[in-house]
Amino acid sequence: MMNSSEMTQAVSILGGTGSLGMGVAARLATAGVPVCIGSRTTDKAEAAVEALRKHVGPDIVATAADNFDAVGNAGRIVILTVPLQSQVRLLKDVKDAWSPGKILVDTTVPLAPAVGGRPTELVHLWSGSAAQQARAHVPAEIGLVSALHTVSAATLWNLVHALDQDTFVCGDKRDEKAVVSDLLGLIPGLRVVDAGGLSASRIAESITAMLVGINVRNKTHSGIRITGLPQGVG
Ligand SMILES: NC(=O)c1ccc[n+]([C@@H]2O[C@H](COP(=O)([O-])OP(=O)(O)OC[C@H]3O[C@@H](n4cnc5c(N)ncnc54)[C@H](OP(=O)(O)O)[C@@H]3O)[C@@H](O)[C@H]2O)c1
């Protein structure tokens, strides 16, 4: 579980200048969570923070950094929001920035456009899933949880639209999933469902490819909802 001091620590978002990163930052900042936007260049991160302030409000706590410093600036949680083709490169670039106790939240979906394919198809990774690929490039003492695969960036960014959906969290350590669930649970309308170990991330990631097709056919930003769960889950 996240304690009260962890709630006031910055959450860093690597590649936070992109669509998902900005959407997550907007929702977390709205919930009062300090955010640090990471980028390959600090200029781009600073511009993103300015855009975030314009979109959410002048009183948010938001800072900018390059991705390496963003890992160091994080209280406990670092969220990775970059395309598949840059996931490993970025994790290698920041590998010396980690300190014990931190948790990486990987959001990567291995969609086929990363290798020139269709957005409704997946790349099958040797490691099994994008999350397991990330695990191999993060120091063993750093936590690893995957989440947010099925939540659309556009829906997150549209703050007048209340969320009404679930997100899966996958990870091999219950306490790490609890910390990440507490954070994401601060986003109103987003219920967090524990979907199992990191290997289950392959299934969570693949659902996104199906949602992309549903979105195209219905011109929408769909999400998922699990039924039948007891009250109080998430
Ligand atoms: N978009 C969605 O609705 C959505 C939903 C769920 C999951 N996801 C997953 O979230 C991840 C990010 O998606 P996105 O749509 O936010 O991506 P994006 O906007 O295309 O890119 C995000 C950021 O990644 C960085 N980046 C791009 N190319 C890079 C490279 N070659 N090397 C290092 N960094 C690079 C850029 O940041 P800098 O230039 O500032 O470094 C960029 O702003 C993806 O893995 C996607 O599958 C997306």
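Residues numbered from 1 in each chain as written. Predicted model: local features only at pLDDT ≥ 70, side-chain atom pairs only at ≥ 80, totals over all residues. Heavy atoms only, no water.

Examining the pattern of salt bridges
(1) Moving on: With the rule as written, the count across this model stands at seven salt bridges.
(2) Moving on: With its nearest N and O atoms 2.8 Å apart, the salt bridge here joins Asp166 to Arg191. With Asp166 in strand β7 (residues 165-171) and Arg191 in strand β8 (residues 190-196), this residue pair connects regions lying 25 residues apart in the sequence.
(3) Moving on: Accessibility expressed as a relative area gives 0% for Asp166, which makes it buried.
(4) Moving on: Given a relative accessible area of 18%, Arg191 falls into the buried group.
(5) Moving on: Here the salt bridges do not stand alone but share partners, grouping Asp164, Asp166, Arg191 and Arg225 into one network. (Salt bridge = Lys/Arg side-chain N within 4 Å of Asp/Glu carboxyl O. Helix = DSSP H or I, 4+ residues; strand = E, 2+ residues; numbered from the N terminus. Buried < 20%, exposed > 50% of the residue type's maximum accessible area, 1.4 Å probe, protein only.)

Digging into the sheet that holds strand β1 (residues 11-14)
(1) Moving on: Overall, mixed pairing links the eight strands, which are arranged β3-β2-β1-β4-β5-β6-β7-β8 in an open sheet. Here the strands that pair on one side only, and so sit at the sheet edges, are β3 (62-66) and β8. Adjacent strand axes in the sheet meet at a mean angle of 25° when their direction is disregarded.
(2) Moving on: Bridge analysis of strand β2 (residues 35-39) against β3 gives five bridges, and the strand direction is parallel. Directly across from Val35, in β3, lies its bridge partner Ala62.
(3) Moving on: Along the sheet, helix α3 (residues 42-56) makes contact with β2 and β3, crossing β3 at roughly 165°. (Pairing = 2+ DSSP bridges. Axes fitted to C-alpha atoms, helices over the stretch in contact; angles between N-to-C directions. Contact = heavy atoms within 4.5 Å.)

Let's talk about the environment of Ser127
(1) Moving on: For Ser127, the position within the fold is in the loop between β5 (103-106) and α6 (130-135).
(2) Moving on: In this structure Ser127 comes out as partly exposed when scored by relative accessible area, which is 30%.
(3) Moving on: The contacts of Ser127, once residues within four sequence positions are left out, are Gln132 and Gln133.
(4) Moving on: A distance of 3.5 Å separates the side chain of Ser127 from the backbone nitrogen of Gln133, its partner in a polar contact. (Polar contact = N/O pair within 3.5 Å; in protein donor to acceptor, adjacent residues only side chain to side chain.)

A short note on the side chain of Asp106
(1) Moving on: With respect to the helices, strands and loops of the structure, Asp106 is situated in strand β5.
(2) Moving on: For the buried Asp106, which has no salt bridge, the nearest side chain bearing the opposite charge is Arg135, at an N-O separation of 11 Å.
(3) Moving on: Beyond its immediate sequence surroundings of up to four residues, Asp106 is in contact with Leu80, Gln87, Ala130, Ala131, Ala134, Val145, Ser146, Ala147 and His149. (Lys, Arg positive; Asp, Glu negative; His and termini not counted.)

Things to note about the pairing of strand β6 (residues 143-147)
(1) Moving on: Here β6 lies mainly inside the structure; five of its five residues are buried.
(2) Moving on: Covered by surrounding structure in β6 are Gly143, Val145 and Ala147 together with Leu144 and Ser146, the residues of both alternating faces.
(3) Moving on: With four bridges joining them, β5 and β6 adopt parallel strand pairing. Residue Asp106 lies in a different strand from β6, and its bridge partner there is Ser146.
(4) Moving on: Each parallel crossover has a hand, and for β5 linked through α6 to β6 it is right-handed.
(5) Moving on: Bridge count between β6 and β7: three bridges; the pairing is antiparallel. Note that in β7 the partner of Ala147 across the bridge is Val169. (Right-handed = clockwise from strand over helix to strand, strands pointing away.)

Describing the environment of Pro113
(1) Moving on: Relative to the assigned elements, Pro113 resides in the loop between β5 and α6.
(2) Moving on: As a C-alpha pair, Pro113 and Leu84 span 29 residues in sequence and 9.4 Å in three-dimensional space.
(3) Moving on: When sequence neighbours within four positions are dropped, the list of residues in contact with Pro113 reads Arg118 and Pro119.

Comments concerning helix α5 (residues 84-93)
(1) Moving on: Within α5 the residues assigned to the buried category are Leu84, Gln87, Leu90 and Leu91. Viewed end-on, α5 has its buried residues packed into an arc of 100°, placing them on one side of the element. For α5, the exposed residues lying more than 90 degrees away from the buried face are Gln85 and Arg89.
(2) Moving on: Lining the buried residues of α5 we find β1, α4 (67-73), β4 (77-80), β5 and α6. (Arc of directions from axis to C-beta.)

Quick word on the site of the ligand
(1) Moving on: In the region of the ligand, 20 residues are neighbours, and Thr17, Leu20, Ser39, Lys44 and Val82 sit closest.
(2) Moving on: Between the ligand and Ser39, the relevant distance is 2.5 Å, taken from an oxygen atom to a side-chain nitrogen or oxygen of the residue.
(3) Moving on: Within the side chain of Lys44, one N or O atom sits 2.6 Å away from an oxygen atom of the ligand.
(4) Moving on: The protein chains hide 75% of the 880 Å² of surface that the ligand would expose on its own. (Near = heavy atom within 4 Å. Areas by Shrake-Rupley, 256 points an atom, 1.4 Å probe, with all protein chains shown as cover.)

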